[in-house]
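Below, each chain spelled out in residue letters.
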Amino acid sequence: MAQIRVKIDQTIIEKAFKAARSGAAGRDIYADTEQRSLTLIRRGRDLGWYVKTRDFTRRLGDVAKSYKSKDALPPRAAREAAARLLTELRTSPREREETASTRVWTWADCVTARLLLLSGNRVVARRIKIPSAETLSDVRSAFGIDRKTGTFSAAKRPSLTVLQDIPLTALNAHVLGSAIRAINGVRPREKFLAYAKSMLTWAYSNSHESGFVVPAPWWPQIEPPQPSSEEISIMQANAEKLRSRKTGFRVQHVGDLLARHEDFCVGKVAEEKISPGIRWGIWWIALTANRRGSTTLLERTNVQQSDALGEDGWGTALWTEGQMKARKDFMLPVPPMGLHVINSSIADWQALINISHGFGHKTKWVFASTRREQRDGVGYDRPTDIAIHPSSLADHLRNMKGLKESAHPNVLAGLPDFSLHTVRSAATHFLENYPGLSAAASSAFLGHAPPLDDKDPEARSRTTEKFYSVTQQMPLKTLAMKAWSGAVLDAYLKAGGVWPPRPYDVPIKKIYRTKRSAGS
């Protein structure tokens, strides 16, 4: 058989032993992905560990399982033996000279090189992966890199200071483990360890550049430390908070939120006026159950005001793979009320930008920021034509609660605890219980990808990985969109809202319901 690259574990060993016991014809070759040149080879009934390079093949010993030989090796010992052998075989003067002249990266060098790699296209398992701004931001945060300066900030990750000047070859489990344990928070520790392991594996596999040569990888065995009792209590509280949000926030609350949101936006004037991108972005999330991130990345050129395959008055919105969490192209049918939201956001932005910055300014975004310069900490590597930031939408809710240095009362008092992402949970609950609507329709609408099941094409998905490469399922999405957006509008009207909401550039008469008193 052809050589198979795989992490050799107990499952692979048992498979090889089974073939050896049966005396299967031919041979099986398993190349380990954890240690260069290490292979497990079965020929007939013989089974052994080998170091296999372009120049030679050497047997290391038997495979530890049922063989009683003294040199029978489990996978970890075989990896260590292979690394030692490869090191010992570097005997040519040229190899010694190249090894001595290779500068070994420090930890800081490695982080810089890793971020550079993540900022462009790269190949993973023969698939081209395009850069993700969210992932890049997450890695920067995990490694304590200041977004503005691009350098390590001890204030962000104090315990990582000791790592910065250490050569990778001098790094060990004790030093790395101590740095991990000193990071505050369970999730930050887990993220840092995951990104650190990935980075070190990448540097090890590119030792010709990094100079990172060790007898055997030691970092895969590091586990995150056990949370303290206080951290466990926080984890339990957060889990209960999330459960409460998912079960307590329903479509009627989404409509009530929109009614209060409209009252709040219309009541703001002058410098307190709510940005059009934020005002209409909240509407878009409520009507479509979109994530905050993808909402802010909707481009005007990807909106069609008509849908040739849909219903009259409907349009479509498209996101490319680089704009979606699942890294797949995603399209949604847009009902007439959704087109009203899009067109109002565009018109309001243009009217406001003409007043504040003068005529001639344009943007490619539907939910554009009125800023022409980046906010501190948002991203200095991005162009000045910027969309509203996802955090701005969440901050708007804090503003409505009176938590942002404002004197107004909590206008969301009485609503169950929620976040904008909770709207997706509310939509899931509603669509699951909507008469005659299949589970596949709600999955397609929410961007959840089912494992395609020929026996049950209506099956609900549990992941977001393998759906849209096959079909956009627009008819199913249209059914779900019609049901959900219609229910949201009904709930909005019942809460006292008026449809359609008026653009900012139209004089506002007192057509909205009177403002709620705090605590209502």
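Residues numbered from 1 in each chain as written. Predicted model: local features only at pLDDT ≥ 70, side-chain atom pairs only at ≥ 80, totals over all residues. Heavy atoms only, no water.

Caption draft 1: Representation of the nonpolar core in the model. In terms of nonpolar packing, the biggest core is built from 61 residues, with Trp284, Leu298, Phe367, Leu431, Phe445 and Trp484 touching the most fellow members. Residue contributions to this core peak at nine residues, all from helix α17 (residues 474–494). If near-sequence neighbours (up to four positions away) are discounted, Phe367 is found in contact with Gly277, Trp280, Gly281, Trp284, Thr295, Leu298, Val341, Ser345, Ala387 and Ile388. (Core = buried A, V, L, I, M, F, W, Y, C linked by side-chain atoms within 4.5 Å. Buried < 20%, exposed > 50% of the residue type's maximum accessible area, 1.4 Å probe, protein only. Helix = DSSP H or I, 4+ residues; strand = E, 2+ residues; numbered from the N terminus. Contact = heavy atoms within 4.5 Å.)

Caption draft 2: Fine view of the sheet that holds strand β8 (residues 303–304). Pairing is antiparallel across the open sheet formed by three strands, whose spatial order is β8-β9-β10. Because the sheet does not close on itself, it has two edges, and the strands there are β8 and β10 (330–334). Bridge count for strand β9 (residues 315–319) against β10 is five bridges, and the pairing is antiparallel. In the strand pairing of β10, Leu318 is matched with Met331. α17 contacts β9 and β10 of the sheet and is inclined by roughly 45° relative to β10. (Pairing = 2+ DSSP bridges. Axes fitted to C-alpha atoms, helices over the stretch in contact; angles between N-to-C directions.)

Caption draft 3: Structural view of helix α15 (residues 422–432). Burial analysis of α15 places eight of its eleven residues in the buried class, the great majority of the element. Where the residues of α15 are buried, they touch α9 (229–248), α10 (251–266), α11 (276–288), α16 (439–446) and α17.

Caption draft 4: Inspection of the side chain of Thr478 at higher detail. Relative to the assigned elements, Thr478 resides in helix α17. Residue class for Thr478 comes out buried when judged on its relative accessible area of 11%. Ignoring anything within four residues of it in the chain, the contact list for Thr478 reads Glu311, Trp314 and Pro333.

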